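Below are the chains, spelled out letter by letter.
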Amino acid sequence: MLKKRGSKPSILLMHRKKFFILEILCFVFLWTFCASAHAATLKGKALLEGEPPKNPAINMDADPVCKAFYTEEVEAPNVVVNPDHTLQNVFVYVKSGLANETETPKSPAVLDQKGCMYNPRVLGLQTGQPLSIANSDSTLHNVHALAKKNPEFNFGMPIQGMKLEKTFFNPEVMMKF
């Protein structure tokens, strides 16, 4: 069970193991929000108590290019635990209190398909911030955003070095690709 230090575990933390099956998880999210009159830094740790679940194997046999990247079995990095029991791929966000107080970044957040996996596993960006999706592999990749509050899209990226840019205008948490 995951526990938040100094308080009762939230429903999200108690049920976090269920969310590990998401295809894309994100890094320990560290974001600095800046506005003309306000500035703050959000920092945190997520700790795992007990044994982590086994990550499922990824079968790369369907694409010879993907299979050639790896000499051993590939595991989905759904649960990645550091030696100090902190978790990688944990998403933290400000749920309320910053409405209209932050400036949207002009530079795009970058999601790359490298080694036939998304890198990073999950990415945080602000509403209206561009998202640049790249294909660093020499094989066809499909990019399918399963959005709930934004238009869903599904594009093939057949060429190494190909880039696609999208912008989401409606707030949404944990969009699955």
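Preceding this paragraph is the structure being described.
Residues numbered from 1 in each chain as written. Predicted model: local features only at pLDDT ≥ 70, side-chain atom pairs only at ≥ 80, totals over all residues. Heavy atoms only, no water.

(A) Layout of the packing of aromatic side chains. Under the defined criterion, the tally for this structure stands at 3 aromatic pairs. Both rings, one in phenylalanine 153 and one in phenylalanine 155, keep their centres 5.7 Å apart while their planes meet at 35°; by these two values the pair is tilted. What makes phenylalanine 153 buried here is its relative accessible area of 7%. In this structure phenylalanine 155 comes out as partly exposed when scored by relative accessible area, which is 33%. (Phe/Tyr/Trp six-rings, centres within 6.5 Å; stacked < 30°, edge-to-face > 60°. Buried < 20%, exposed > 50% of the residue type's maximum accessible area, 1.4 Å probe, protein only.)

(B) Region of interest: the pattern of salt bridges. Counted according to the given criterion, the structure contains 2 salt bridges. The salt bridge partner of aspartate 61 is lysine 67, with a shortest N-O separation of 2.9 Å. Classification of lysine 67 by relative accessible area gives partly exposed; the value is 43%. (Salt bridge = Lys/Arg side-chain N within 4 Å of Asp/Glu carboxyl O.)

(C) Structural detail: the pairing of strand S10 (residues 141-145). Taking every second residue as pointing to the same face, the buried face of S10 carries His141, Val143 and Ala145, while none of Asn142 and His144 on the other face is buried. Relative to strand S11 (residues 153-157), S10 runs antiparallel, the two being bridged by 5 bridges. Each residue of the ladder has a partner; that of alanine 145, found in S11, is phenylalanine 153. (Helix = DSSP H or I, 4+ residues; strand = E, 2+ residues; numbered from the N terminus. Pairing = 2+ DSSP bridges.)

(D) Examining the side chain of threonine 86 more closely. For threonine 86, the location among the structural elements is in the loop between strand S6 (74-75) and strand S7 (109-114). For threonine 86, the side chain forms a polar contact with the side chain of aspartate 84, separated by 2.6 Å. Dropping the residues within four chain positions of it, threonine 86 is found in contact with Lys45, Ala46, Leu47, Val80 and Val81. (Polar contact = N/O pair within 3.5 Å; in protein donor to acceptor, adjacent residues only side chain to side chain. Contact = heavy atoms within 4.5 Å.)

(E) Unusual backbone geometry, seen in detail. A cis amide bond, omega 0°, links asparagine 119 with the succeeding residue proline 120. Relative to the elements of secondary structure, proline 120 occurs in the loop between strand S8 (117-119) and strand S9 (130-135). Unusually for a residue other than glycine, asparagine 89 sits at a positive phi of about 60°. Phi at cysteine 116 takes a positive value of approximately 65°, unusual for a residue other than glycine. For cysteine 116, the position within the fold is in the loop between S7 and S8. You can call cysteine 116 buried: its relative accessible area is 17%.

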